[in-house]
Amino acid sequence: LVTDSLSLAEFDRTDWKAIDLDYPGRLAIAFSADEPEAESVVALFDRYGTRLSAAEPSGGKISTVTVDVPRGGRYFLMVQAVDGPPTAYSIQVTLGDTPTQKDVPAGRPGF
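The shown structure was predicted, so the numbers you read here are calculated from the model rather than taken from an experiment.

(A) Representation of the overall build of the chain in the model. Scanning the chain from N- to C-terminus turns up zero helices and eight strands. Sequence-ordered secondary structure for the chain, helices as α and strands as β, is β-β-β-β-β-β-β-β. Split into buried and exposed, the 111 residues of the chain put 40% on the buried side. Nonlocal contacts in the chain, meaning residues at least 24 apart in sequence, comprise 74% of its contacts between residues at least 6 apart. Total accessible area on the chain stands at roughly 6300 Å², and carbon and sulfur atoms take up 48% of it.

(B) How the structure looks around the packing of aromatic side chains. Counted by the stated rule, this structure contains two aromatic pairs. Ring centres 5.5 Å apart and planes at 50° place the aromatic pair Trp 16 and Phe 45 in the tilted group. Placement of Trp 16 in strand β2 (residues 14-21) and of Phe 45 in strand β4 (residues 39-45) is noted, with a sequence separation of 29 residues between them.

(C) Seen up close, the sheet that holds strand β8 (residues 87-96). Read across the sheet, four strands follow the order β1-β8-β3-β6 without closing on themselves; strand pairing throughout is antiparallel. Since the sheet does not close on itself, it has two edges, and those belong to β1 (2-6) and β6 (62-69), each with one partner. Here the average twist between neighbouring strands, direction ignored, is 25°. Bridge count for strand β3 (residues 25-33) against β8 is eight bridges, and the pairing is antiparallel. Each bridged residue has a counterpart across the sheet, and for Ile 29 the counterpart in β8 is Val 93.

What counts as what
- Residues numbered from 1 in each chain as written.
- Predicted model: local features only at pLDDT ≥ 70, side-chain atom pairs only at ≥ 80, totals over all residues.
- Heavy atoms only, no water.
- Helix = DSSP H or I, 4+ residues; strand = E, 2+ residues; numbered from the N terminus.
- Buried < 20%, exposed > 50% of the residue type's maximum accessible area, 1.4 Å probe, protein only.
- Contact = heavy atoms within 4.5 Å.
- Areas by Shrake-Rupley, 256 points an atom, 1.4 Å probe, with all protein chains shown as cover.
- Phe/Tyr/Trp six-rings, centres within 6.5 Å; stacked < 30°, edge-to-face > 60°.
- Pairing = 2+ DSSP bridges.
- Axes fitted to C-alpha atoms, helices over the stretch in contact; angles between N-to-C directions.

As structure tokens, this is what we get:
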């Protein structure tokens, strides 16, 4: 679980987090902004900058996005404020087995 904040007024619009995975699998990305009026986007990119998944979560609620990652390696998570007041947020990424990777251990990747 990682916490951080975004603020358009203070020019702190975008946060990037690197995720290093040892195995392929299904990532579940859970995002929650503290301020209900804060609008933000969460997106996952591979090491080449290709967007794999994106969601526009609403403030005050937990939004979860899942995406299958085809291999281990470094991935990048972008959290970006679109509109609204400054907000703190929390984000958690978990890695689970894909149907074809039954022998891959599940766990939380490090940031």
